[in-house]
Amino acid sequence: MNAEHARFRAIYEEHHAAVCAYFARRAPRDDVEDLAAETFAVAWRKLPRRVEQPLPWLYGVARNVLANHRRKAARRGTLAPDATSGDPAERVSGDRGLAHAFAALNERDREAICLVAWEGLSVPDAARAAGCSAAAFAVRLSRARARLRRALDNPPAATFIVPERI
Amino acid sequence: MDPVLDRVRAANPVTEAEFAGAADFDALVLPRRPRRRRRWLAVPALGTVVAALVLVPSSAPGASEILRRASVAVGDGILYAQSTAELRAADGEVDHYGTRRVWVRGDDAMRWVDDQGNEDVYAKGAGTAHRDGRTGEVEREPDASMVAGDIFRSVALLQSARAGDAVTLEGETTVDGRPAYVLRWTEQRGGPAIEQKLWIDRETYAPLRYTDHSRGRDVSGKPFDQTYVETVQEFRTLPDTPENRRLLELGG
């Protein structure tokens, strides 16, 4: 095994779980392993020789892989919500209010919030993953957070008016 | 603390721990990674690079004469070199690329074998073929081409740049005890400038060492400062005979 191969193996072993979790939050569970494998295959070909923090870069690759996956699924007409795990927008476990507010956001806003809240990235790292500048991402995140807050403060009536028991 | 983000964090549907231990690198099917030398595949023709270097007015007659003698010394035929290469970062980290043996006949044919047994061949009109050293599998790319690597690119420079031109003689030194001339030139094609040097044996005029140094920012915006070093262990010109041409074929 040469140095490049060994270096890539170390990156893979360190970040495989994080990349799988990234996909599990956004795609059907059955597709997670395949999507992660595709991400690392792309990364193997394109990973810069020197990248100090590979994970944000890997998330950027994963974002493109996921977009391709969704396009292919849409062409096949299989973009229906996954029966086992539900629509990605609703995967905010145990918090129906948040699920509905989240669903009201557009994809870009959701992604900005998820990269920070779920992937745990800093603003500069999340910007790399999102493929934009840190300044642009900071604005995007701020607006997304404000929209989410408004959606949480003013939930759609149907969300909460159904009583638990009659 | 941001209560909105905290609420999202608390609702995280998946943790990394769920995938702990699921990594299986050996099961990962990795495509063939383009090697560094493929940087040159983007160049429409080797002659373009050479011409760019030789058309600039000469400022170093010493370099011109060295190049002229080297052109004569290398001669025609099939060029063969065994070399080692590594990439040195400014922080001291070194990536070793191992040893490779390369045969080149003009820009018509080329064969590359590394110390892992991986093999690439190119023939004009037939494209490239790659044989995986581990599995033995052969992958062909009829539309792909290869051009000679750095030390052979330098040889092409030697053969073509009779006037020296943009190449300057930096001085004289020794490489593994052999007296050598040091030639230097800079190349820039859209990206960061690449400062290149070639050490030429003062007696045989064969290439002894090649380096290029580049610095800038990578695709993630991180700064890099690195030097590629290729040291020639053996350099020969073989007669262009049918027997030697077989050295340019897969498994040759």
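All values reported here derive from a predicted model rather than from experimental measurement.

**Let's talk about the overall build of chain B**
And then number 1: Per the secondary structure count, chain B includes 5 helices and 11 strands.
And then number 2: Out of the 252 residues in chain B, the part that is buried amounts to 25%.
And then number 3: Across chain B, contacts joining residues at least 24 apart in sequence account for 54% of those joining residues at least 6 apart.

**Structural notes on the overall build of chain A**
And then number 1: Within chain A, the regular secondary structure consists of 8 helices and 0 strands.
And then number 2: Overall, chain A shows an N-to-C arrangement of helices and strands of α-α-α-α-α-α-α-α.
And then number 3: Every one of the 166 residues in chain A was classed for burial, and the buried ones make up 37%.
And then number 4: Put simply, 60% of the contacts in chain A that link residues at least 6 apart link residues at least 24 apart.

**What about the pairing of strand β2 (residues 94-105) of chain B?**
Residue and element names in this part refer to chain B.
And then number 1: Pairing geometry for strand β1 (residues 78-89) and β2, over 10 bridges, is antiparallel. Of the residues in β2, the one forming a bridge with E86 is H96.
And then number 2: Between β1 and β2, which follow one another and run antiparallel, lie 4 residues, and G92 among them has a positive phi close to 100 degrees.
And then number 3: Bridge count between β2 and strand β3 (residues 109-114): 6 bridges; the pairing is antiparallel. When the bridges of β3 are listed, R105 appears paired with A109.
And then number 4: The antiparallel hairpin formed by β2 and β3 contains 3 residues in its connecting segment, where G106 sits at a positive phi of about 50 degrees.

**Considerations on the environment of A:V65**
Residues and elements named next belong to chain A.
And then number 1: By the element assignment, V65 lies in helix α3 (residues 54-76).
And then number 2: In this structure V65 comes out as buried when scored by C-beta crowding, with 24 C-beta atoms within 10 Å.
And then number 3: It is 6.4 Å that separates the C-alpha atoms of V65 and T39, two residues lying 26 residues apart in sequence.
And then number 4: Contact partners of V65, with chain neighbours within four places excluded, come to L35, E38, T39 and V42.

**Examining the interface of chain B and chain A**
And then number 1: Chain B puts 37 residues into the contact, and the matching count from chain A is 39 residues.
And then number 2: In terms of residues, the side of chain B that touches chain A owes the most to one element, helix α1 (residues 3-10) of chain B, which gives 5 residues.

**Things to note about the environment of B:Q116**
And then number 1: Position of B:Q116 among the secondary structure elements: in the loop between β3 and β4 (119-123).
And then number 2: When the 15 C-beta atoms within 10 Å are taken as the criterion, B:Q116 is described as partly exposed.
And then number 3: Ignoring any residue separated from it by four or fewer positions in sequence, one finds B:Q116 in contact with A:N2 and B:G133.

**Some details on the confidence of the model for chain B**
The predicted structure's coordinates, where accompanied by low pLDDT, should not be read in detail.
Residues and elements named next belong to chain B.
And then number 1: Per-residue confidence for chain B gives a mean pLDDT of 76; residues scoring 70 or more make up 74%.
And then number 2: Mean pLDDT values over the elements of chain B span from 35, in helix α2 (residues 46-54), up to 94, in helix α5 (residues 242-245).
And then number 3: A low-confidence stretch, residues 36-61 (pLDDT under 50), is modelled with 40 contacts involving residues beyond four sequence positions or located in other chains.
And then number 4: Scoring of the predicted complex yields 0.48 for pTM and 0.81 for ipTM.

**Describing the nonpolar core**
And then number 1: One finds A:C20, A:F23, A:L58, A:A62, A:I113, A:L115 and A:A126 to be the most contacted residues of the largest nonpolar core, which totals 48 residues.
And then number 2: Secondary structure elements with two or more residues in this core: α1 (3-24), α2 (32-46), α3, α4 (96-103), α5 (107-117), α6 (123-130) and α7 (134-153) of chain A together with α1 of chain B.
And then number 3: Those residues within four positions of A:L115 in sequence are excluded, and the remaining contacts are A:L121, A:A126, A:A129 and A:A130.
And then number 4: B:V121, B:I151, B:A180 and B:I200 belong to the second-largest nonpolar core, a separate cluster that totals 33 residues.

**Overview of the packing of α4(A) against α7(A)**
Residues and elements named next belong to chain A.
And then number 1: Relative to each other, α4 and α7 sit at 130 degrees, their axes nearing to 9 Å. Our classification of the angle between α4 and α7 gives oblique. The element α4 and its partner α7 pack so that their crossing is right-handed. Every residue of α7 that contacts α4 at G97, L98 and A101 is listed here: L148, A151 and L152.
And then number 2: Across the contact of α4 with α7, the residue classes break down as 5 nonpolar, 1 polar and no charged.

**Re the pairing of strand β5 (residues 127-131) of chain B**
Residue and element names in this part refer to chain B.
And then number 1: With 5 bridges connecting them, β4 and β5 associate as antiparallel partners. If you follow V121 over to β5, its bridge partner there is A129.
And then number 2: Hairpin geometry of β4 and β5 is characterised by an intervening segment of 3 residues between the two adjacent antiparallel strands and by a positive phi of about 90 degrees at G125.
And then number 3: Here β5 pairs with strand β6 (residues 138-141) via 4 bridges, running antiparallel. Bridged to T128 within β6 is E141.
And then number 4: Where β5 hands over to β6, the hairpin turn is made up of 6 residues, of which G136 adopts a positive phi near 80 degrees.

**Concerning the packing of α5(A) against α1(B)**
And then number 1: In contact at an axis separation of 9 Å, α5(A) and α1(B) are set at 75 degrees when each is read in the N-to-C sense. In terms of orientation, α5(A) lies roughly perpendicular with respect to α1(B). Across from A:I113, A:V116 and A:A117 in α5(A), the residues of α1(B) making contact are B:L5, B:V8 and B:R9.

**Description of α7(A)**
And then number 1: Compared with the 28 Å implied by 1.5 Å per residue over 20 residues, the 28 Å span of α7(A) between its first and last C-alpha is a close match.
And then number 2: By the burial criterion, the buried members of α7(A) are A:F137, A:R140, A:L141, A:A144, A:L148 and A:A151. One face of α7(A) carries all of its buried residues, which in axial projection span an arc of 100 degrees. Along α7(A), exposed side chains directed more than 90 degrees from the buried face belong to A:A135, A:S142, A:A146, A:R150 and A:D153.
And then number 3: Those residues of α7(A) that are buried lie in contact with α4, α5 and α6 of chain A together with α1 of chain B.

Reading the values: rules and limits
Residues numbered from 1 in each chain as written. Chains lettered and ligands numbered in written order. Predicted model: local features only at pLDDT ≥ 70, side-chain atom pairs only at ≥ 80, totals over all residues. Helix = DSSP H or I, 4+ residues; strand = E, 2+ residues; numbered from the N terminus. Buried ≥ 20, exposed ≤ 12 C-beta atoms within 10 Å, placed from the backbone. Contact = placed C-beta atoms within 7 Å. Pairing = 2+ DSSP bridges. pLDDT = per-residue confidence, 0-100. Core = buried A, V, L, I, M, F, W, Y, C linked by C-beta atoms within 7 Å. Axes fitted to C-alpha atoms, helices over the stretch in contact; angles between N-to-C directions. Parallel < 35°, antiparallel > 145°, perpendicular 65-115°, else oblique. Left-handed = near helix turned anticlockwise from the far one by under 90°. Nonpolar A, V, L, I, M, F, W, Y, C, P; charged D, E, K, R; others polar. Expected span 1.5 Å × (residues − 1). Arc of directions from axis to C-beta.

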